[in-house]
Amino acid sequence: MRVLIFVLLGFAVVAVPAYVAFQWIVGTTVVQLGTLFAEKQVLYDRYRGQEALTREVSLAEALAGSQSIRDWARNETDPILKRRGIAELEHFRQSFVDKSYFFVIGASGNYYFNDAGNSYAGDQFRYTLDPSNPTDAWYYATLKAGPGCHLNADSNANLGETKVWMNCVILEGGDVLGILGTGIDLTAFVQEVVNVPQVGVTSMFVDRQGVVRAHRDQSLIDLPSVTQEMAGQSTVFNLLDRPGDQQALRSLMDEVAAGGELVGSRFMQMGGKQMLVGVGYLDKLGWFNITVMDIDTIIDKRLFAPIGLLLAAVAGLVAALMALVFKRQVLDRLRRLENVVRSARAGDYAPALRMGEQHQDEVGRLSAAFTEMAVAVSDNTRALEARVQERTLELEQLVFRDGQTGIANRRGFMAAFGAAGAAQRHGLIMVDIDHFKAINDNFGHAAGDAVVIEIARRIATAIGSENVCARWGGDEFIILLRDSAPHLLRASAFAVIAGISERAVELPEGRAVIVTASLGACLVEPGDSIETATEMADAALYIAKGEGRNKVSILDRESAWNLAPKTALHQ
């Protein structure tokens, strides 16, 4: 059973990369299927979008080419030409899906309109466009867009209409006679074309700038005039989470618009989830249809679960067969070898030698090798244990020593502090090299290392071997004076500062530098913790630094209680 469990565990370990590979295969398959689905969906949306809009654009273009319209635009006040023009507009109104039209005469800016209910029969003139009126900005923006028909999702405050408008510019001999067109109710257009019933699929239409012009979510549609600045508009790029995906979508739009591919698709992150984004181009309308697909929703990966379960069952059967074969060929013989090992442990090596001689295979040779090894191991083990004990003592010494200076490190100092007599008073001195950063900056880090090593040597010389000097930080040292008193502490502190600055420190390449240090000292009373002692010495050190450095500051117990917190001293 143990072997069977181990084999199953082995298969479980193998199953991890196998599962990853299976997931990769499933994911790749889903991506390929999803990409094919995306291309078909984009083409379908493209066809439906063009079918819904192209007919209206074609009718609007035909109306813009009408001679009656052009004659009236050139002479708006002529009643006969006006009657013919209105008749032509009304004739085309019956053919438009929306049963509405608009016509702006360029010379006067007069806006003519009639709707599906024929509400303005005989009174088609509605108002005159004003360049300063923001609601009329669509007209002047369309003029700048050049000849042809331009689509725009717009909200006309003067008429209370929200539609997808087809704005066709009327040109004759280079002169703009006006703009006319019709519209499709945005709600009906979204319901018919954009509101795809397929779960996990979202379709939208955007213009060349990526401004959303049709979407099932009305809040995402940019209804104001096309003259608005892009920064204030709702674009498809704003729906993407990553700037890289935004650039990729622009590239896809440029590619399909250039005619390289009918459809382009790519995975992009939207709303924190990877979505497959397909892009098509409605070349006659100048819009893009963009379809966003949640592949995990469209293609349920749980459909692949039976295949995975079948593979797992086959793997389990193979594991059981392998365990049975392994038991007979290996385990049963190893059990016999175990009895031989027990005999060898008791000092009887004959069974092991006989087993190795009788069976000249792997297990037999293993038995003979074990016999020889057991004798050698017994002798070597005793020697190895002695060496390990010796090496352990050496490593314990290294743990408490600073590798650069050879003096105690922080751990070594803490051990020495703990080992000092708890019933005695001791002296504690914090030493900080003045302007050490300037030494590194001016002479290099090699010079800084030389200064640290020399200062450590000078401190150790000044305090004697009965006391402890340790490296507390990069350029900071700490001294423990055993069984000290106020006068001894003061004498030792001034001996240290004198020893540090008595002569210049020799640097590499024959240079030298005068080094000074600031010292903070205090007496450690019986029962004081190392934290309390170091905080007092550190506070004294900050006082020494604050008084100009190269000074000794000794903090007595009474002064210590009146000091501000350490953070205040830093400030």
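Given the structure is predicted, the values throughout are model-derived calculations rather than measurements.

Definitions and cut-offs
Residues numbered from 1 in each chain as written. Predicted model: local features only at pLDDT ≥ 70, side-chain atom pairs only at ≥ 80, totals over all residues. Heavy atoms only, no water. Helix = DSSP H or I, 4+ residues; strand = E, 2+ residues; numbered from the N terminus. Buried < 20%, exposed > 50% of the residue type's maximum accessible area, 1.4 Å probe, protein only. Contact = heavy atoms within 4.5 Å. Phe/Tyr/Trp six-rings, centres within 6.5 Å; stacked < 30°, edge-to-face > 60°. Lys NZ or Arg CZ within 6 Å of the ring centre and 35° of its normal. Polar contact = N/O pair within 3.5 Å; in protein donor to acceptor, adjacent residues only side chain to side chain. Pairing = 2+ DSSP bridges. Axes fitted to C-alpha atoms, helices over the stretch in contact; angles between N-to-C directions.

*Asks:* An account of unusual backbone geometry is requested, with residue identities and associated values reported.
*Replies:* Although it is not a glycine, arginine 549 sits at a positive phi angle of roughly 70 degrees. You can see arginine 549 is positioned in the loop between helix H15 (530-546) and strand E18 (552-555). Look at asparagine 550: it is not a glycine, yet its phi comes out positive at around 55 degrees. Residue classification places asparagine 550 among the partly exposed residues on the basis of a relative accessible area of 37%.

*Asks:* An account of the side chain of glutamate 90 is needed here, citing residue identities and associated values.
*Replies:* Relative to the assigned elements, glutamate 90 resides in helix H3 (residues 79-93). Judged by relative accessible area, which is 16%, glutamate 90 ranks as buried. For glutamate 90, the residues in contact, after removing those within four places along its chain, are Tyr101, Asn114, Asn118 and Gln124.

*Asks:* Quick rundown of the packing of aromatic side chains? Include the residues and the values.
*Replies:* Using the criterion set out here, one finds 16 aromatic pairs in the structure. Pairing tyrosine 111 with tryptophan 138 gives two aromatic rings, centres 6.3 Å apart and planes at 85 degrees, and the pair type is edge-to-face. A residue pair is termed long-range when its members are at least 10 positions apart, and tyrosine 111 in strand E2 (residues 110-114) and tryptophan 138 in helix H4 (residues 137-145) qualify at 27 residues. In this structure, tyrosine 111 and tryptophan 138 share a single accessibility class: buried. Taken together, the ring pairs connect Phe102, Tyr111, Phe113, Tyr120, Tyr127, Trp138, Tyr139, Tyr140 and Trp165 into an aromatic cluster. The aromatic ring of phenylalanine 237 is capped on one face by arginine 250, whose charged end is 4.0 Å from the ring centroid.

*Asks:* A description of the environment of threonine 532 should follow, citing residues and the corresponding values.
*Replies:* Along the polypeptide, threonine 532 turns up in helix H15. A distance of 3.0 Å separates the side chain of threonine 532 from the side chain of serine 529, its partner in a polar contact.

*Asks:* Go over the pairing of strand E10 (residues 273-282), please, and point to the residues and values.
*Replies:* In terms of burial, E10 is largely enclosed, as eight of its ten residues are buried. Summarising the sheet, strand E9 (residues 263-270) and E10 pair through eight bridges and their orientation is antiparallel. Each bridged residue has a counterpart across the sheet, and for serine 265 the counterpart in E10 is glycine 278. Counting the residues that bridge the hairpin from E9 to E10 gives two residues, and of these glycine 271 lies at a positive phi of roughly 65 degrees. In terms of strand pairing, E10 meets strand E11 (residues 287-293) through seven bridges, oriented antiparallel. Along E11, the bridge assignment pairs glycine 278 with threonine 291.

*Asks:* Explain the sheet that holds strand E13 (residues 468-471) to me, using residue names and the numbers behind them.
*Replies:* A sheet is described by the order of its strands in space; here five strands give the open sequence E13-E14-E12-E17-E18, paired in mixed fashion. Looking at which strands have only one partner, the edges of the open sheet turn out to be E13 and E18. Pairs of neighbouring strands in the sheet enclose a mean axial angle of 20 degrees, with direction left out of account. Sheet topology places strand E17 (residues 517-524) next to E18; four bridges connect them, and they run parallel. Its bridge partner being in E18, glycine 520 is matched across the sheet by serine 553. Packed onto the sheet, helix H11 (residues 410-419) meets strand E12 (426-433), E13, strand E14 (476-481) and E17 and runs at close to 15 degrees relative to E14. In the packing of helix H14 (residues 486-501) onto the sheet, contacts are made with E12, E14, E17 and E18, and the angle to E17 comes to roughly 160 degrees.

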